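# Summary of structural features
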Amino acid sequence: MKRFLKTGAVIAAAGSGERFGEKKQFKQLKKRPLLFHTLNPFLECTDIFEIVVVVPEENLELVSRELASYTSAKPVRAVAGGARRQDSVLNGCLALSDDVEIIAVHDAARPFVTSKLISATIAGCRNTDGCIAALPCKDTVKKVMNNQIQSTLNRNTIWLAQTPQTFHRDILIRALKQNMDATDEASMVETLGGKVAVTEGFSGNFKITTSEDWKLAEELIIA
Ligand code: C5P
């Protein structure tokens, strides 16, 4: 039998809300801020032993107070984020206990993640450096520059990355410290030569980016 590896979660919620127009992670979605909806499946997931929520410095005190009023069987803490997503994720990773060996990174803006999907990414790390949730692409994908199609990609090989993105601690922290410009953790681990698997996500695990996404989330959320 394989050795048990303790898993912690980092929920990235330190965005400034530039594209959305406000910090959506604290906006009320039905009766609770978005961030707390996202937190729930991580609290419920029996494979997660510790959670760090990364928030903007100016919100740290308030969020820490909110979290302290939570009764949870596992430690849940908040730390301050950084300028870029990877800076925030690195701060979160470094705040986890030393005995955490697997880290599941998740966007606060994806509140419909399930405890089952979190566990699937963790299980997927058994024989690789990491495993991420992703969706097989249904549409035909074009590479476009200046309104001109450059090429058509083979959609059978295209998957759309979501989160959770889960990795062995050492390679994730090493990748985050490289100071690369990347939009997800997997690409940084790939650049280091790490092997990253995918497990199938679902379209409901979308990232709230626009006001249309917010309206959809309001329709879908069970308060
Ligand atoms: O900007 P993007 O949509 O990729 O952000 C994904 C997640 O990363 C969001 O939940 C956001 O709050 C978080 N983030 C962060 N620190 C930053 C920028 C984004 O934690 N500096």
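Refer to the structure printed above.
### Quick word on the site of the ligand
Within the structure, the ligand sits among 14 residues, and A12, A14, R19, S88 and K207 are positioned closest to it. A12 is positioned such that a nitrogen or oxygen atom in its backbone is 2.8 Å from an oxygen atom of the ligand. Within the side chain of S88, a nitrogen or oxygen atom sits 2.7 Å from a nitrogen atom of the ligand. Within the complex, the protein chains bury 83% of what would otherwise be the 460 Å² of accessible surface of the ligand.

### Regarding the pattern of salt bridges
Overall, the coordinates contain 11 salt bridges when judged by the stated rule. With a shortest N-O distance of 3.0 Å, R84 and D87 are connected by a salt bridge. Its salt-bridge partner being R85, residue D107 comes within 2.3 Å of it at the nearest N-O pair. Of this pair, D107 sits in strand β6 (residues 102–107) while R85 is found in helix α3 (residues 85–95), placing the two residues 22 residues apart along the sequence. Residues participating in the shared-partner salt-bridge network are R85, D107, R110 and E185.

### Points about the environment of L62
Looking at the secondary structure, you find L62 in helix α2 (residues 60–68). The class for L62 is exposed, based on a relative accessible area of 52%. Taking C-alpha positions, L62 is 9.7 Å from A78, a pair spaced 16 residues apart along the chain.

The rules behind these values
- Residues numbered from 1 in each chain as written.
- Predicted model: local features only at pLDDT ≥ 70, side-chain atom pairs only at ≥ 80, totals over all residues.
- Heavy atoms only, no water.
- Near = heavy atom within 4 Å.
- Polar contact = N/O pair within 3.5 Å; in protein donor to acceptor, adjacent residues only side chain to side chain.
- Areas by Shrake-Rupley, 256 points an atom, 1.4 Å probe, with all protein chains shown as cover.
- Salt bridge = Lys/Arg side-chain N within 4 Å of Asp/Glu carboxyl O.
- Helix = DSSP H or I, 4+ residues; strand = E, 2+ residues; numbered from the N terminus.
- Buried < 20%, exposed > 50% of the residue type's maximum accessible area, 1.4 Å probe, protein only.

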